[in-house]
Amino acid sequence: MYWTLELASYLSDAPWPATKDELIDYSIRTGAPLEVVENLQSMEEEGGEIYESIEEIWPDYPTEEDYLWNEDEY
């Protein structure tokens, strides 16, 4: 399983919170690349676990805190 920013971006608008099956269904319905579906299918699921956000699936997903700009300048 590997995630890239491009692949993870297909799940950024998913209906969170969601289960693994719901995320797989969402990615298929929205036309996400096959790699996204394969990554989701390869995740280990523990009894219908509910994921609250993309960060629970890919902890390295960049957040606004990761960008180094000063909002006061804009």
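Because the structure is predicted, anything quoted here is derived from the model rather than measured.

### Points about the confidence of the model for the protein
Next, step 1: Averaged over every residue, the pLDDT of the protein is 84; the share at 70 or more is 84%.
Next, step 2: No element of the protein has a lower mean pLDDT than helix α4 (residues 54–57), at 88, and none a higher one than helix α2 (residues 20–29), at 95.

### Here's the deal with α2
Next, step 1: For α2, the full list of buried residues reads Lys20, Leu23, Ile24, Tyr26 and Ser27. Across the axial projection of α2, the buried residues extend over an arc of 165°, all falling on one side. Opposite the buried face of α2, by more than 90 degrees, sit the exposed residues Asp21, Ile28 and Arg29.
Next, step 2: In this fold, the buried residues of α2 make contact with β1 (18–19), α3 (34–41), β2 (50–51) and α4.
Next, step 3: Backbone geometry just downstream of α2 places Gly31 in the positive-phi region, at approximately 75°.

### What to know about a negative patch on the surface
Next, step 1: Judged by side-chain charge, Asp21, Glu22, Glu44, Glu45 and Glu46 come together as a negatively charged surface patch.
Next, step 2: One can find Glu22 in helix α2.
Next, step 3: Overall, the relative accessible area of 43% leaves Glu22 in the partly exposed class.

### Considering the pattern of salt bridges
Next, step 1: Applying the stated criterion across every chain yields a total of one salt bridge.
Next, step 2: The closest approach of N and O atoms between Arg29 and Asp25, which form a salt bridge, is 2.9 Å. Highlighted residues: Arg29 and Asp25, both in helix α2, separated by four residues, approximately one helical turn.

Here is what the cut-offs are and how they apply
Positions within a chain are numbered from 1, following the residues in the order the chain's sequence is written. With the structure being a predicted model, the display of local features is reserved for residues of pLDDT at least 70 and the display and counting of side-chain atom pairs for 80 or more, all residues being used for whole-chain, interface and lining totals. To get the side-chain values, take all heavy atoms of the structure and skip hydrogens and water. pLDDT gives the predictor's per-residue confidence on a scale running from 0 to 100. By definition, any uninterrupted DSSP run of H or I lasting at least four residues is a helix, any uninterrupted run of E lasting at least two residues is a strand, and each is numbered from the N terminus. Per-residue accessibility, obtained with a 1.4 Å probe over protein chains only, is compared with the maximum for each type, and a residue is labelled buried under 20%, exposed over 50%, and partly exposed between these values. Of all possible arcs, the one meant is that of the directions from the helix axis to the C-beta atoms. In this analysis, two residues are considered to be in contact whenever any of their non-hydrogen atoms come within 4.5 Å of each other. What makes a patch is a set of residues exposed beyond 30% relative accessible area and free of salt bridges, joined within 9 Å when like-charged and within 5 Å when nonpolar (Val, Leu, Ile, Met, Phe, Trp, Tyr). Each accessible area is a Shrake-Rupley estimate made with a 1.4 Å probe; only the visible protein chains count as cover when residues are assessed. The term salt bridge refers to a side-chain nitrogen of Lys or Arg lying within 4 Å of a carboxyl oxygen of Asp or Glu. Here Asp and Glu are counted as negative and Lys and Arg as positive; His is not counted, and neither are the chain ends. Lys charges are placed at NZ, Arg charges at CZ, Asp charges at CG and Glu charges at CD.

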